[in-house]
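# Topology and contacts: notes
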Amino acid sequence: MVCLQQSFLHCIPHTFLPINFPQVNKNGFSWKKVSFLVKAEQVSSQDSISRRQLLALGSSFPGILLFAETPISFAAESRKGFLSVSDKKDGYEFVYPFGWQEVAIDGQDKVFKDVIEPLESVSVNIIPTAKQDIREFGAPEQVAETLIKRVLAPPTQKTKLIQAKEHEVDGKAYYTFEFTAQAPNYTRHALSTICINNGKFYTLTTGANERRWGKMKDRLNTVIDSFRVFKESSILDYGQ
(Lines give C-alpha, C1' and ligand atoms only; values in the text may rest on other atoms or scores of the structure.)
Protein backbone atom coordinates (compact mmCIF):
# COMPACT_ATOMS: atom_id res chain seq x y z
CA MET A 1 0.00 0.00 0.00
CA VAL A 2 1.38 3.39 -0.97
CA CYS A 3 2.24 5.39 2.14
CA LEU A 4 -0.09 8.35 2.51
CA GLN A 5 2.68 10.42 4.10
CA GLN A 6 4.78 10.12 0.93
CA SER A 7 1.92 11.00 -1.38
CA PHE A 8 1.10 14.61 -0.46
CA LEU A 9 3.95 16.74 -1.83
CA HIS A 10 4.81 20.10 -3.37
CA CYS A 11 2.70 22.60 -1.40
CA ILE A 12 2.11 26.16 -2.57
CA PRO A 13 2.40 29.00 0.00
CA HIS A 14 0.14 31.95 0.76
CA THR A 15 -3.35 30.79 -0.12
CA PHE A 16 -6.50 30.59 1.94
CA LEU A 17 -8.17 27.53 0.44
CA PRO A 18 -6.79 24.00 -0.07
CA ILE A 19 -3.80 24.65 -2.24
CA ASN A 20 -2.59 21.47 -3.91
CA PHE A 21 -4.69 19.58 -6.35
CA PRO A 22 -3.98 15.91 -6.93
CA GLN A 23 -3.53 13.75 -9.94
CA VAL A 24 -3.12 9.99 -9.80
CA ASN A 25 -0.32 8.01 -11.33
CA LYS A 26 0.71 4.37 -11.07
CA ASN A 27 2.58 5.07 -7.84
CA GLY A 28 -0.30 6.76 -6.05
CA PHE A 29 -1.13 10.41 -5.49
CA SER A 30 0.89 13.23 -6.97
CA TRP A 31 0.02 16.90 -6.62
CA LYS A 32 0.12 19.60 -9.27
CA LYS A 33 0.57 23.25 -8.44
CA VAL A 34 -2.34 25.64 -9.00
CA SER A 35 -1.92 29.23 -7.90
CA PHE A 36 -4.77 31.18 -6.34
CA LEU A 37 -5.23 34.71 -7.57
CA VAL A 38 -6.75 36.08 -4.38
CA LYS A 39 -4.51 35.79 -1.32
CA ALA A 40 -5.75 35.90 2.23
CA GLU A 41 -2.88 38.09 3.37
CA GLN A 42 -3.89 40.73 0.87
CA VAL A 43 -7.54 41.04 1.82
CA SER A 44 -8.11 39.58 5.28
CA SER A 45 -7.10 42.81 6.99
CA GLN A 46 -9.21 45.06 4.80
CA ASP A 47 -12.42 44.66 6.78
CA SER A 48 -13.66 48.08 5.75
CA ILE A 49 -13.58 47.38 2.02
CA SER A 50 -17.01 47.51 0.44
CA ARG A 51 -18.87 44.57 -1.07
CA ARG A 52 -18.95 46.44 -4.38
CA GLN A 53 -15.16 46.84 -4.35
CA LEU A 54 -14.61 43.18 -3.58
CA LEU A 55 -16.93 42.09 -6.35
CA ALA A 56 -15.05 44.34 -8.72
CA LEU A 57 -11.77 42.87 -7.51
CA GLY A 58 -12.97 39.32 -8.07
CA SER A 59 -14.27 40.05 -11.55
CA SER A 60 -10.96 41.63 -12.57
CA PHE A 61 -9.14 38.29 -12.32
CA PRO A 62 -9.83 35.69 -15.04
CA GLY A 63 -9.13 32.78 -12.69
CA ILE A 64 -12.02 33.58 -10.34
CA LEU A 65 -15.59 33.82 -11.54
CA LEU A 66 -18.23 35.01 -9.13
CA PHE A 67 -21.67 33.47 -9.60
CA ALA A 68 -20.15 30.77 -11.79
CA GLU A 69 -22.52 28.55 -13.74
CA THR A 70 -22.01 24.90 -12.78
CA PRO A 71 -24.08 21.74 -13.30
CA ILE A 72 -25.31 21.46 -9.73
CA SER A 73 -28.79 21.68 -8.35
CA PHE A 74 -29.68 24.13 -5.60
CA ALA A 75 -32.48 22.93 -3.36
CA ALA A 76 -34.76 25.23 -1.45
CA GLU A 77 -33.27 26.57 1.77
CA SER A 78 -32.93 23.41 3.81
CA ARG A 79 -32.55 25.08 7.20
CA LYS A 80 -32.58 28.62 8.47
CA GLY A 81 -29.57 30.56 7.23
CA PHE A 82 -28.32 27.87 4.85
CA LEU A 83 -28.68 26.82 1.22
CA SER A 84 -28.11 23.28 0.02
CA VAL A 85 -26.28 22.04 -3.04
CA SER A 86 -26.43 18.55 -4.53
CA ASP A 87 -24.02 17.46 -7.23
CA LYS A 88 -25.64 14.41 -8.79
CA LYS A 89 -22.86 13.94 -11.34
CA ASP A 90 -20.14 13.54 -8.71
CA GLY A 91 -22.39 12.15 -5.99
CA TYR A 92 -22.21 14.52 -3.02
CA GLU A 93 -24.21 17.18 -1.19
CA PHE A 94 -23.80 19.73 1.59
CA VAL A 95 -25.17 23.04 2.86
CA TYR A 96 -23.43 26.41 3.08
CA PRO A 97 -24.32 29.73 4.77
CA PHE A 98 -26.77 31.96 2.97
CA GLY A 99 -24.97 34.88 1.33
CA TRP A 100 -21.79 33.07 0.36
CA GLN A 101 -21.05 33.33 -3.35
CA GLU A 102 -19.87 30.61 -5.68
CA VAL A 103 -16.46 31.12 -7.27
CA ALA A 104 -14.70 28.98 -9.85
CA ILE A 105 -11.11 28.05 -9.02
CA ASP A 106 -9.03 25.78 -11.21
CA GLY A 107 -8.47 22.44 -9.51
CA GLN A 108 -11.42 22.62 -7.10
CA ASP A 109 -14.77 20.99 -7.80
CA LYS A 110 -16.86 23.54 -5.88
CA VAL A 111 -16.04 26.67 -3.88
CA PHE A 112 -18.35 29.05 -2.02
CA LYS A 113 -17.04 32.02 -0.05
CA ASP A 114 -17.98 35.19 1.74
CA VAL A 115 -16.85 38.17 -0.35
CA ILE A 116 -16.34 40.35 2.72
CA GLU A 117 -14.53 37.78 4.90
CA PRO A 118 -12.34 35.87 2.41
CA LEU A 119 -11.20 33.28 4.95
CA GLU A 120 -14.82 32.16 5.34
CA SER A 121 -15.31 29.59 2.62
CA VAL A 122 -16.09 25.99 1.78
CA SER A 123 -14.41 23.98 -0.94
CA VAL A 124 -14.78 20.47 -2.33
CA ASN A 125 -11.98 18.57 -4.01
CA ILE A 126 -12.30 15.14 -5.66
CA ILE A 127 -9.64 12.74 -6.92
CA PRO A 128 -9.92 9.16 -8.20
CA THR A 129 -8.71 6.36 -5.93
CA ALA A 130 -8.53 2.61 -5.96
CA LYS A 131 -9.30 2.48 -2.23
CA GLN A 132 -12.75 1.46 -1.08
CA ASP A 133 -12.77 2.97 2.40
CA ILE A 134 -11.09 5.98 4.00
CA ARG A 135 -9.84 3.73 6.80
CA GLU A 136 -7.48 2.04 4.34
CA PHE A 137 -5.26 5.15 4.55
CA GLY A 138 -4.82 4.89 8.31
CA ALA A 139 -6.26 6.28 11.54
CA PRO A 140 -8.07 9.65 11.56
CA GLU A 141 -5.21 11.47 13.34
CA GLN A 142 -2.59 10.10 10.94
CA VAL A 143 -4.53 11.00 7.81
CA ALA A 144 -5.52 14.43 9.17
CA GLU A 145 -1.94 15.36 10.09
CA THR A 146 -0.71 14.43 6.62
CA LEU A 147 -3.44 16.31 4.78
CA ILE A 148 -3.04 19.43 6.93
CA LYS A 149 0.73 19.65 6.64
CA ARG A 150 1.06 18.55 3.02
CA VAL A 151 -2.15 19.72 1.37
CA LEU A 152 -4.49 21.98 3.32
CA ALA A 153 -1.99 24.59 4.55
CA PRO A 154 1.13 26.17 3.05
CA PRO A 155 4.44 24.84 4.42
CA THR A 156 5.25 28.33 5.70
CA GLN A 157 2.31 28.26 8.12
CA LYS A 158 2.35 26.75 11.58
CA THR A 159 -0.43 24.17 11.82
CA LYS A 160 -2.06 22.46 14.75
CA LEU A 161 -4.45 19.51 14.70
CA ILE A 162 -7.07 20.08 17.39
CA GLN A 163 -9.08 16.88 17.01
CA ALA A 164 -9.84 14.12 14.52
CA LYS A 165 -12.61 11.57 14.64
CA GLU A 166 -14.41 8.93 12.63
CA HIS A 167 -18.14 8.49 12.16
CA GLU A 168 -20.41 6.49 9.90
CA VAL A 169 -23.45 7.53 7.89
CA ASP A 170 -25.43 4.82 6.11
CA GLY A 171 -22.52 2.43 6.56
CA LYS A 172 -20.02 4.84 4.97
CA ALA A 173 -16.97 5.94 7.01
CA TYR A 174 -16.08 9.65 7.22
CA TYR A 175 -13.09 11.28 8.92
CA THR A 176 -13.68 14.77 10.32
CA PHE A 177 -10.98 16.96 11.82
CA GLU A 178 -10.42 20.47 13.19
CA PHE A 179 -7.18 22.42 12.82
CA THR A 180 -5.59 25.87 12.73
CA ALA A 181 -3.08 27.30 10.27
CA GLN A 182 -1.14 30.36 11.43
CA ALA A 183 0.25 32.87 8.93
CA PRO A 184 2.21 36.02 9.85
CA ASN A 185 -0.86 38.25 9.93
CA TYR A 186 -3.81 35.91 10.46
CA THR A 187 -4.80 32.45 11.71
CA ARG A 188 -7.38 30.36 9.92
CA HIS A 189 -9.49 27.97 12.01
CA ALA A 190 -10.75 25.19 9.78
CA LEU A 191 -12.76 21.99 9.61
CA SER A 192 -12.42 19.21 7.06
CA THR A 193 -14.26 15.99 6.30
CA ILE A 194 -13.04 13.26 3.96
CA CYS A 195 -14.66 10.14 2.55
CA ILE A 196 -14.28 7.59 -0.23
CA ASN A 197 -17.16 6.61 -2.50
CA ASN A 198 -17.74 5.87 -6.19
CA GLY A 199 -13.98 5.31 -6.62
CA LYS A 200 -13.31 8.90 -5.52
CA PHE A 201 -11.56 10.55 -2.58
CA TYR A 202 -13.69 13.51 -1.41
CA THR A 203 -12.35 16.39 0.71
CA LEU A 204 -14.59 19.19 1.97
CA THR A 205 -12.93 22.01 3.92
CA THR A 206 -14.46 25.07 5.52
CA GLY A 207 -13.11 27.68 7.91
CA ALA A 208 -12.87 31.25 9.13
CA ASN A 209 -10.45 33.78 10.54
CA GLU A 210 -9.60 32.86 14.15
CA ARG A 211 -10.96 36.21 15.33
CA ARG A 212 -14.41 35.19 14.00
CA TRP A 213 -14.30 31.55 15.03
CA GLY A 214 -16.55 32.06 18.04
CA LYS A 215 -19.22 33.57 15.81
CA MET A 216 -18.83 31.13 12.93
CA LYS A 217 -18.04 27.75 14.51
CA ASP A 218 -21.65 26.56 14.81
CA ARG A 219 -22.37 27.41 11.17
CA LEU A 220 -19.15 25.80 9.99
CA ASN A 221 -19.89 22.65 11.96
CA THR A 222 -23.31 22.58 10.29
CA VAL A 223 -21.56 22.68 6.89
CA ILE A 224 -19.26 19.80 7.85
CA ASP A 225 -22.05 17.70 9.38
CA SER A 226 -24.20 18.14 6.26
CA PHE A 227 -21.69 16.60 3.86
CA ARG A 228 -22.89 13.32 2.36
CA VAL A 229 -21.79 11.16 -0.54
CA PHE A 230 -24.15 9.03 -2.59
CA LYS A 231 -24.31 7.04 -5.80
CA GLU A 232 -23.53 9.37 -8.66
CA SER A 233 -25.92 9.76 -11.58
CA SER A 234 -25.02 8.81 -15.13
CA ILE A 235 -25.63 11.07 -18.10
CA LEU A 236 -28.72 9.01 -18.90
CA ASP A 237 -30.16 9.82 -15.49
CA TYR A 238 -30.36 13.51 -16.38
CA GLY A 239 -32.68 12.79 -19.24
CA GLN A 240 -35.24 11.02 -17.11
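Residues numbered from 1 in each chain as written. Predicted model: local features only at pLDDT ≥ 70, side-chain atom pairs only at ≥ 80, totals over all residues. Heavy atoms only, no water.

This part covers the confidence of the model for the protein. Chain-level pLDDT for the protein is 76 on average; 64% of the residues reach the 70-or-more range. pLDDT under 50 marks residues 1-77. Its contacts with residues more than four places away, or in other chains, come to 171 contacts. Low pLDDT (under 50) marks residues 235-240, which in the prediction has two contacts with non-local residues, meaning those over four places away or in another chain. (pLDDT = per-residue confidence, 0-100. Contact = heavy atoms within 4.5 Å.)

Given a rise of 1.5 Å per residue, 14 residues ought to cover 20 Å, and the 19 Å separating the end C-alpha atoms of helix α4 (residues 213-226) matches this to within 8%. Of all the bends in α4, the largest measures some 25 degrees and sits at Arg219. Listed as buried for α4 are Trp213, Met216, Leu220, Thr222, Val223, Ile224 and Ser226. (Helix = DSSP H or I, 4+ residues; strand = E, 2+ residues; numbered from the N terminus. Expected span 1.5 Å × (residues − 1). Bend = angle between axes of the 7 residues up to and from the residue. Buried < 20%, exposed > 50% of the residue type's maximum accessible area, 1.4 Å probe, protein only.)

Another aspect to go through is the pattern of salt bridges. Where side chains of opposite charge bring their charged atoms close, a pairing between them can arise. Going through the model one piece at a time under the given rule, you end up with nine salt bridges. We note a salt bridge from Arg135 to Asp133, for which the minimum N-O separation is 2.8 Å. Note on Arg135: relative accessible area 34%, which makes it partly exposed. Using a relative accessible area of 18% as the deciding quantity, one classes Asp133 as buried. Taken together, the salt bridges that share partners define one network made up of Glu117, Glu120, Arg211 and Arg212. (Salt bridge = Lys/Arg side-chain N within 4 Å of Asp/Glu carboxyl O.)

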